[in-house]
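# Chain and residue survey
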2 protein chains.
Amino acid sequence: MHKENPQRASVLQHVSQNVRRLRHAADLSQTALSEKSGVSRRMLVAIEAGEKNVSLSTLDRVAEALDVAFSDLIQAPDVRDHSRINELAWAGEIVGSKAVLLAKATARREVELWEWRLEPGDRYCPDPDLEGWSEQLFVFEGSLTLVIGDQETVIEAGEFFMFASHQPHAYRNDGSAAVRFVRNVVI
Amino acid sequence: MHKENPQRASVLQHVSQNVRRLRHAADLSQTALSEKSGVSRRMLVAIEAGEKNVSLSTLDRVAEALDVAFSDLIQAPDVRDHSRINELAWAGEIVGSKAVLLAKATARREVELWEWRLEPGDRYCPDPDLEGWSEQLFVFEGSLTLVIGDQETVIEAGEFFMFASHQPHAYRNDGSAAVRFVRNVVI
DNA sequence: ACCTATTGAGCAATATAGTGCACAAAGAAA
DNA sequence: TTTCTTTGTGCACTATATTGCTCAATAGGT
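On a predicted model such as this, the values are computed, not experimentally measured, just so you know. (Residues numbered from 1 in each chain as written. Chains lettered and ligands numbered in written order. Predicted model: local features only at pLDDT ≥ 70, side-chain atom pairs only at ≥ 80, totals over all residues. Heavy atoms only, no water.)

## Regarding the pairing of strand β10 (residues 179-186) of chain A
Among the 8 residues in β10(A), 8 count as buried, and that is most of the element. Judged by which residues are buried, β10(A) turns out to be covered on both faces: A:V179, A:F181, A:R183 and A:V185 on one side and A:R180, A:V182, A:N184 and A:V186 on the other are all buried. (Buried < 20%, exposed > 50% of the residue type's maximum accessible area, 1.4 Å probe, protein only. Helix = DSSP H or I, 4+ residues; strand = E, 2+ residues; numbered from the N terminus.)

And the structure:
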């Protein structure tokens, strides 16, 4: 009649891993999370073991106590690959035509595509983004000096660079001509 | 002792709206969806009314029957803005330095950043993407002819364009010099 | 050794998700 | 009108999520 609970739903496995991971990230014990969320510790054990079929509102209380979005608890925990690829994906019939996939990122919420132009000697020092954000830069004219922490990287025209933008960083043009680049901000 | 069910969880409201919207989009009656998903019609009514606290596996069965991702059922239904912005967001101290936010998209799963180069006379005709995908193009050298359906658009160097890529489309270089552009694929 | 914090698990009680049935209201098409 | 489809609701029943209580096992720190 009813299913013998094969728990086919992969969502539950993700939840189990995510809750544990995020709870440790928040430096909370099961007891502490239980008090903060209002969900019994016994239930938290079951959730982290993946042996109970959690309801939405219960899971939402956990998400709120962990200070994360609900969707963060159901997403596959390891799908995020902010890997740099830079491979030739297509070559046209005429020599020189090409398509290069610079990077592929598993986005959760937002993407921002920016066009930038920085005159020689100019700079931009943004506030660091929150944890999880990353930026992808593609310089198509001039030369860009990227400062991350105390480390400086020069990105020439035609080059691509990607970094986690929660650390302090700055853009600077040390060259003699204007630098123009595309900036892709992703979370 | 227990709460008088204020159902504070906004997730449940989203679910209620999403299920109904997607069910209509799939052209299914409650009865049909019930048979396809294995969830009782009585429960579907409750879900769409937002008066029951659905469990993950039950909602996952609904998601599978609707042929959508689980996260599609819990997300706020109208948050997707693929709006073109193109506003000057920052101006440097030296005249000419600038940052232009070309576009901001609410991404759900993936982002792909591509660098392209197309020689004169060359073209690329990809298979149309699935519903929901969109592409953002920024041409920084040459001139690109974008064919969408039976409509042609010429994008000059320095210009930006965005379109839903589920419709048949093609890139073509009608100019006399190579065209180079950045292509951002988002869902 | 001891003490303490943390986690896992068993069990009984309770709250509620989920089912199946019956029936009514509304709308569309004959 | 009559028929059919779709949807909402009340109710009793079952399945199970959720709780609070136990106790055991493990790991660190003193």
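## A few points about the protein's contact with DNA strand C
The environment of DNA strand C is made up of 19 residues, and the closest members are A:Q30, B:S40, B:M43, B:S55 and B:T58. Counting only the atoms of DNA strand C within 4 Å of the protein, the fraction contributed by sugar and phosphate is 62%. Between DNA strand C and A:R42 there is a distance of 2.9 Å, counted from a base oxygen to a side-chain nitrogen or oxygen. Within the residue set of the surface near DNA strand C, elements represented by two or more residues are α1 (10-25) and α3 (41-49) of chain A together with α3 (41-49) and α4 (56-66) of chain B. (Near = heavy atom within 4 Å. Polar contact = N/O pair within 3.5 Å; in protein donor to acceptor, adjacent residues only side chain to side chain.)

## A short note on the protein's contact with DNA strand D
Residue and element names in this part refer to chain A. Taken together, 21 residues form the shell around DNA strand D, and within it S40, M43, K52, S55 and T58 come nearest. A share of 56% of the atoms of DNA strand D within 4 Å of the protein falls on sugar and phosphate groups. Class assignment for the residues of the surface near DNA strand D results in 5 nonpolar, 9 polar and 7 charged. (Nonpolar A, V, L, I, M, F, W, Y, C, P; charged D, E, K, R; others polar.)

## Focus: the pairing of strand β5 (residues 134-141) of chain A
On any regular strand, side chains alternate: one points to one face of the sheet, the next to the other face. All names here are of chain A. Counting buried positions along β5 yields 7 of 8 residues, so the element is predominantly enclosed. In terms of strand pairing, β5 meets strand β8 (residues 160-164) through 5 bridges, oriented antiparallel. Its bridge partner lying in β8, L137 is registered against F161. Where β5 lies against β10, 7 bridges are found, and the strand directions are antiparallel. By the bridge assignment, E135 is partnered in β10 with V185. (Pairing = 2+ DSSP bridges.)

## Digging into the sheet that holds strand β4 (residues 123-124) of chain A
Each strand in a sheet pairs with its neighbour through backbone hydrogen bonds, running either in the same direction (parallel) or in the opposite one (antiparallel). All names here are of chain A. Spatial strand order, β4-β9-β6-β7: 4 strands in an open sheet with antiparallel pairing. Single-partner strands in this sheet number two, and they are β4 and β7 (151-156). Pairing between strand β6 (residues 143-148) and β7: 6 bridges, direction antiparallel. Pairing of T145 across the sheet is with V154, part of β7.

## Digging into the confidence of the model for chain A
All names here are of chain A. Within chain A, residue pLDDT values average 76, and 73% of them lie at 70 or more. In the predicted structure, residues 1-8 sits below a pLDDT of 50 and forms 5 contacts with residues beyond four places in sequence or in another chain. Below a pLDDT of 50 lies the segment residues 78-87, which in the model reaches 30 contacts outside its immediate sequence neighbourhood of four places, other chains included. (pLDDT = per-residue confidence, 0-100. Contact = heavy atoms within 4.5 Å.)

## Things to note about the packing of aromatic side chains
The geometry of an aromatic ring pair is captured by the separation of the ring centres together with the interplanar angle, meaning the angle of the planes. Taken as a whole and judged by the stated rule, the model has 13 aromatic pairs over all chains. Measuring from ring centre to ring centre gives 5.6 Å for A:F140 and B:F138, while their planes differ by 55°; the resulting arrangement is tilted. Of this pair, A:F140 sits in strand β5 while B:F138 sits in strand β5 (residues 134-141), placing the two residues on different chains. By relative accessible area, which is 9% here, A:F140 ends up buried. Relative to B:Y124, the ring of B:W116 has its centre 4.9 Å away and its plane inclined at 45°; by these criteria the two rings are tilted. Assessed through its relative accessible area of 1%, B:W116 is described here as buried. A network of ring pairs unites the aromatic residues A:W116, A:Y124, A:Y171 and A:F181 as a single cluster. (Phe/Tyr/Trp six-rings, centres within 6.5 Å; stacked < 30°, edge-to-face > 60°.)

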